[in-house]
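Single-letter residue listing:
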Amino acid sequence: MFKAKSQIKIKKSLYSLCLSSIMALVAQALCIAQIPQDYYSALPDSLRPQDKMNLSAEETNKILRYAFDYHDWSPEMRATTDEICYSFAKKLDSFPSSSQYKYLHTICRYLYFAREYNRNTVEGDAASKSVSQFQSRLGIQYVDLFISRFSNSSYQPIFYLPNVYLYKAHFFKTLDKHIDAYHTLEQSMEIAKTRNLPKNKSSIHTSLAGLAGNLRLSDLALAHYDSAWTAIKNEPYDAWTSRQRAYILQCRQLSYLDKYRDTAQKAWSDSILSMHANIKAENANSNLPQNVDSYITLAGLYFAQGQWSRVIACIDSAQHLFPLLNTRDNYGDAMAYKILSLKQLGEEKLADIVLENLDFSKLTDDVLVQVLEELIMEERQNNNLDKAIEYQQQLLDHVRQRALLDLQGRGLEIDRIYQINQRKKQIMDLETRQRRITMISLLVLILVTIIISVLLFRYRNSRKNTEKIVKQFDTMMALKLTEVSDARAQERKMIAKDLHDDFSASIAASLNYLQMLAFQPGMADSRQQTLKVLDMLKESYNRVREKSQNLYWEENSDDFWKKIVDQAHILFSGTRIKLNTDSSIVGIRLTAEVRKTILLILKESITNIIKHAAATEVEILLYDEFDQLILEVSDNGKGFKQKNNPKSLGLHSIQDRMHSLGGQFQLTGNKRKGTSIICSFPITPVPGSADSNTI
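No experiment lies behind these values; they were computed from the predicted model shown.

A short note on the overall build of the chain
Thought 1: In terms of regular secondary structure, the chain is built from 22 helices and five strands.
Thought 2: Looking at the chain as a whole, 39% of its 695 residues are labelled buried.
Thought 3: The contacts in the chain between residues at least 6 apart in sequence include a share of 65% that link residues at least 24 apart.
Thought 4: Carbon and sulfur atoms provide 55% of the accessible area of the chain, an area that totals close to 40,100 Å².

What follows is the structure in structure tokens.
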């Protein structure tokens with residue numbers, strides 16, 4: 001038992017030792033660097049780490065992210081921060097993947113600002129260019145690493161990816177790869193448009209404009225500045241938006257200054273002064289560098305106009321507003337304006353003092369050329385040929401470098417023209433393809449329309465033919481039914497006549513004989529019995545007469561009315577016409593001729609209604625009135641004008657049949673009430689019948 005407890009304690013001790021070792025290794029891995037005491041003390045409270053000996057990843061990320069928000073850091077602090085960044089970048093793979101994207105973006109961002117700072121502040125052109133190019137090459141490596149690892153990740157902020165492409169473009173620009181820089185900015189723009197990032201689009205447009213300006217594509221630069229302004233025109237006002245608007249205005253100022261130098265038109269100078277007022281208004285509540293840059297641009301305007309005192313006043317105002325003027329890109333231009341203005345005002349000694357600190361590599365093209373030409377002329381006048389030759393060599397180097405930039409600018413312009421032509425060609429191809437598709441679609445549509453029309457035409461003809469055949473069949477069936485009915489009637493009449501002429505006559509003769517026999521003399525005993533037999537024979541005789549009469553005079557009116565209704569439904573089948581029928585005759589027997597006439601009138605009337613009336617409702621009535629049998633067929637169709645009553649063969653046939661039966665035919669109609677056909681037949685009493693309404 002004691003031994004088991006000892007083993008457990010040993011295991012716990014080993015576990016604790018391993019855990020401590022692992023924690024120590026993790027802490028060592030997470031420790032980025034040990035910072036010097038003076039650097040630690042100079043850091044702002046918001047950036048100072050808890051332990052200068054163990055700078056954590058988050059603390060390092062914070063320092064690198066906000067380092068360039070402080071303009072008062074010494075070059076030594078900047079150099080130390082650069083070393084911290086390099087050490088931080090080397091240990092990137094030791095961090096969790098969930099935070100690598102954030103640290104990697106911070107490294108790219110820091111190198112972007114550090115490259116710009118070192119390019120503007122490091123002493124000496126060679127050292128400045130060397131440091132900036134090293135940081136640019138390093139920045140390109142880490143941008144490519146970010147793109148390869150996190151271009152498709154969904155958990156990073158949506159503006160990170162266009163940002164790193166923007167940084168990469170500026171790294172290319174520092175390495176004098178202007179065409180690569182331009183294409184990289186276009187990639188960044190596509191991402192910003194896809195993700196709908198107005199601020200990113202504005203920043204990218206200003207970078208494109210600056211690049212186009214360096215390559216002397218002034219119209220393209222102005223177009224990008226206008227696009228940059230449009231991108232944030234409707235954005236809510238904040239500090240960044242204010243700075244960006246002021247920066248765009250200041251860049252447009254520079255473009256207008258170039259225009260004024262070329263044309264000397266007053267409109268350009270008025271625009272520069274107006275933009276200076278707008279920039280001051282944008283920065284009314286903040287001390288932004290763009291306000292200082294605007295003063296330097298204004299000094300360039302006054303320099304071009306020969307107002308030397310105003311030039312010096314503008315530069316002094318800029319230096320008063322922003323003591324770290326030497327960190328601005330246009331600091332060299334400001335000093336050049338001041339030197340030349342002092343010389344024009346006769347302040348040669350003061351001008352020479354400023355000239356001693358002038359870095360010619362920081363001057364823009366037009367200002368550098370102007371300064372060198374003035375200095376060459378001055379040294380020649382002073383018979384200082386060696387100095388003049390030195391300045392002349394600098395001018396030649398600049399012209400050579402400018403020629404290379406112009407060559408890249410022409411290359412970029414040719415590339416853009418090629419891309420535009422390619423896009424036009426693609427658009428033309430798409431339009432041609434669209435026209436082909438449209439023509440094919442139109443032809444297919446026409447073909448389908450023709451096929452549908454033919455099928456519809458054939459369907460309609462087939463339907464008409466079918467309806468015609470059905471109607472002919474219905475008519476034939478009606479006629480056949482009538483003929484069958486007539487044949488049955490004739491057969492019944494023949495049977496009735498045979499009963500009447502043969503059987504009834506024999507019974508009548510037997511009755512007469514028995515009646516004579518009953519009243520003969522000597523038949524008194526058998527008279528009563530003979531009279532009984534006589535009565536029985538009379539009763540049989542009357543029943544035979546009644547049966548023969550029933551056979552002769554057809555079935556009753558109820559059965560015939562049912563035939564009329566059935567025939568009407570058959571004729572109206574396949575139409576949407578509503579049929580109403582009614583009959584009030586009871587016990588009336590009709591001859592075959594009357595029935596045939598009624599059926600033919602009904603068929604002709606219904607046929608005319610279907611063909612001509614365009615009716616939706618039809619009513620058929622059969623009733624007796626004042627010893628007249630009346631058939632009435634009416635519809636709610638379009639009717640006809642009374643003066644143009646139709647005289648078709650069918651109507652003539654109806655009239656002739658009515659006249660042969662002693663009846664009357666009446667046709668009425670108008671456009672509002674439809675058409676009515678009224679036929680009346682006289683009802684003839686049956687001979688020997690007590691009922692006058694029975695035929």
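Having seen the structure, we can now continue with the description.
Observations concerning the pattern of salt bridges
Thought 1: All chains considered together, the criterion is met by 15 salt bridges.
Thought 2: As a salt-bridge pair, Arg149 and Asp93 come within 2.9 Å of each other at their nearest N and O atoms. Pair noted here: Arg149 is in helix 6 (residues 125-150) and Asp93 is in the loop between helix 4 (75-90) and helix 5 (97-121), with a separation of 56 residues, a long-range link.
Thought 3: A relative accessible area of 35% means that Arg149 is categorised as partly exposed.
Thought 4: Salt-bridge contacts for Asp144 lead to Lys168; the nearest nitrogen and oxygen are separated by 2.8 Å. Placement of the pair is Asp144 in helix 6 and Lys168 in helix 7 (residues 160-174), with a sequence separation of 24 residues.
Thought 5: Through salt bridges with shared partners, a single ionic network connects Lys343, Glu348, Asp352 and Glu378.

Looking at helix 11 (residues 239-263)
Thought 1: With 25 residues, helix 11 ought to run about 36 Å at 1.5 Å a step, and its terminal C-alpha atoms sit 36 Å apart, in line with that.
Thought 2: Of the residues one or two after helix 11, Ala264 is the one with positive phi, at around 60°.

Considering the nonpolar core
Thought 1: One finds Tyr39, Ile107, Leu111, Tyr142 and Phe146 to be the most contacted residues of the largest nonpolar core, which totals 70 residues.
Thought 2: Element by element, the count of residues in this core is highest for helix 5, at 10 residues.
Thought 3: Discounting residues that sit within four places of it in the chain, Phe146 has contacts with Tyr101, Leu104, His105, Ser151, Gln156, Tyr160, Leu161 and Val164.
Thought 4: Counting 45 residues, the second-largest nonpolar core is a separate cluster that includes Leu249, Tyr337, Phe360 and Val367.

Brief notes about the packing of helix 13 (residues 289-305) against helix 15 (residues 331-344)
When two helices pack together, their arrangement is given by the angle between their axes and by how far apart the axes lie.
Thought 1: Two elements in contact, helix 13 and helix 15, have axes whose closest approach is 10 Å; the angle formed by their N-to-C orientations is 35°. Helix 13 and helix 15 meet at a crossing whose hand is left-handed. Where helix 13 approaches helix 15, its residues Ile296, Ala299, Gly300 and Phe303 are matched on the opposing element by Ala334, Tyr337, Leu340 and Ser341.
Thought 2: For the contact of helix 13 with helix 15, the per-class residue count stands at six nonpolar, two polar and no charged.

Description of the sheet that holds strand 1 (residues 578-583)
Thought 1: The strand order across the open sheet formed by five strands is 1-2-3-5-4, and the pairing between neighbours is mixed. Unpaired on one side and paired on the other, strand 1 and strand 4 (664-670) mark the two borders of the sheet. Within this sheet the neighbouring strands show an average axis-to-axis angle of 10°, counted without direction.
Thought 2: Across six bridges, strand 1 lies against strand 2 (residues 617-624) in parallel orientation. Residue pairing across strands places Ser583 opposite Leu622, the latter belonging to strand 2.

Quick look at the side chain of Asn61
Thought 1: Structurally, the position occupied by Asn61 is in helix 3 (residues 57-66).
Thought 2: By relative accessible area, Asn61 is classed as buried at 7%.
Thought 3: Side chain to side chain, Asn61 and Thr106 meet in a polar contact 2.7 Å long.
Thought 4: Asn61 has contacts with Phe88, Lys102, Tyr103 and Thr106, leaving out every residue within four places of it along the chain.

Some thoughts on helix 15
Thought 1: With 14 residues, helix 15 extends 20 Å between its outermost C-alpha atoms, agreeing within 8% with the 20 Å of an ideal straight helix rising 1.5 Å per residue.
Thought 2: Of all the 14 residues making up helix 15, 12 are buried; the element is thus mostly covered by neighbouring parts of the structure.
Thought 3: Those residues of helix 15 that fall on the buried side of the exposure criterion are Gly332, Asp333, Ala334, Met335, Ala336, Tyr337, Lys338, Ile339, Leu340, Ser341, Leu342 and Lys343.
Thought 4: Looking at the buried residues of helix 15, the elements they touch are helix 11, helix 13, helix 14 (308-321), helix 16 (348-356) and helix 17 (365-381).
Thought 5: Immediately beyond the C-terminal end of helix 15, within one or two residues, lies Gly346, with a positive phi of roughly 85°.

Overview of unusual backbone geometry
Thought 1: For Asp176, which is not a glycine, the phi torsion comes out positive at approximately 65°.
Thought 2: Along the polypeptide, Asp176 turns up in the loop between helix 7 and helix 8 (178-194).
Thought 3: With relative accessibility at 33%, the residue Asp176 sits in the partly exposed group.

Quick notes on the side chain of Ser207
Thought 1: Position of Ser207 relative to the elements: it lies in helix 9 (residues 198-214).
Thought 2: Other than its neighbours up to four places away in sequence, Ser207 contacts Leu166, His170 and Leu185.

A few points about the packing of aromatic side chains
Thought 1: The full count for this structure, using the stated rule, is 18 aromatic pairs.
Thought 2: Measuring from ring centre to ring centre gives 4.9 Å for Tyr112 and Phe113, while their planes differ by 70°; the resulting arrangement is edge-to-face.
Thought 3: On the accessibility criterion, Phe113 (32% relative accessible area) is partly exposed.
Thought 4: If you follow Arg48 out to its NZ or CZ, it ends over the ring of Tyr40, 5.9 Å from the centre.
Thought 5: We note Arg65 situated over the ring of Tyr66; from NZ or CZ to the ring centre the distance is 5.9 Å.

Focus on the environment of Phe640
Thought 1: Counting through the fold element by element, Phe640 comes out in the loop between strand 3 (628-635) and helix 22 (649-660).
Thought 2: Residue classification places Phe640 among the buried residues on the basis of a relative accessible area of 14%.
Thought 3: A C-alpha to C-alpha distance of 9.8 Å links Phe640 and Lys673, two positions 33 residues apart in sequence.

The rules behind the values
Residues numbered from 1 in each chain as written. Predicted model: local features only at pLDDT ≥ 70, side-chain atom pairs only at ≥ 80, totals over all residues. Heavy atoms only, no water. Helix = DSSP H or I, 4+ residues; strand = E, 2+ residues; numbered from the N terminus. Buried < 20%, exposed > 50% of the residue type's maximum accessible area, 1.4 Å probe, protein only. Contact = heavy atoms within 4.5 Å. Areas by Shrake-Rupley, 256 points an atom, 1.4 Å probe, with all protein chains shown as cover. Salt bridge = Lys/Arg side-chain N within 4 Å of Asp/Glu carboxyl O. Expected span 1.5 Å × (residues − 1). Core = buried A, V, L, I, M, F, W, Y, C linked by side-chain atoms within 4.5 Å. Axes fitted to C-alpha atoms, helices over the stretch in contact; angles between N-to-C directions. Left-handed = near helix turned anticlockwise from the far one by under 90°. Nonpolar A, V, L, I, M, F, W, Y, C, P; charged D, E, K, R; others polar. Pairing = 2+ DSSP bridges. Polar contact = N/O pair within 3.5 Å; in protein donor to acceptor, adjacent residues only side chain to side chain. Phe/Tyr/Trp six-rings, centres within 6.5 Å; stacked < 30°, edge-to-face > 60°. Lys NZ or Arg CZ within 6 Å of the ring centre and 35° of its normal.

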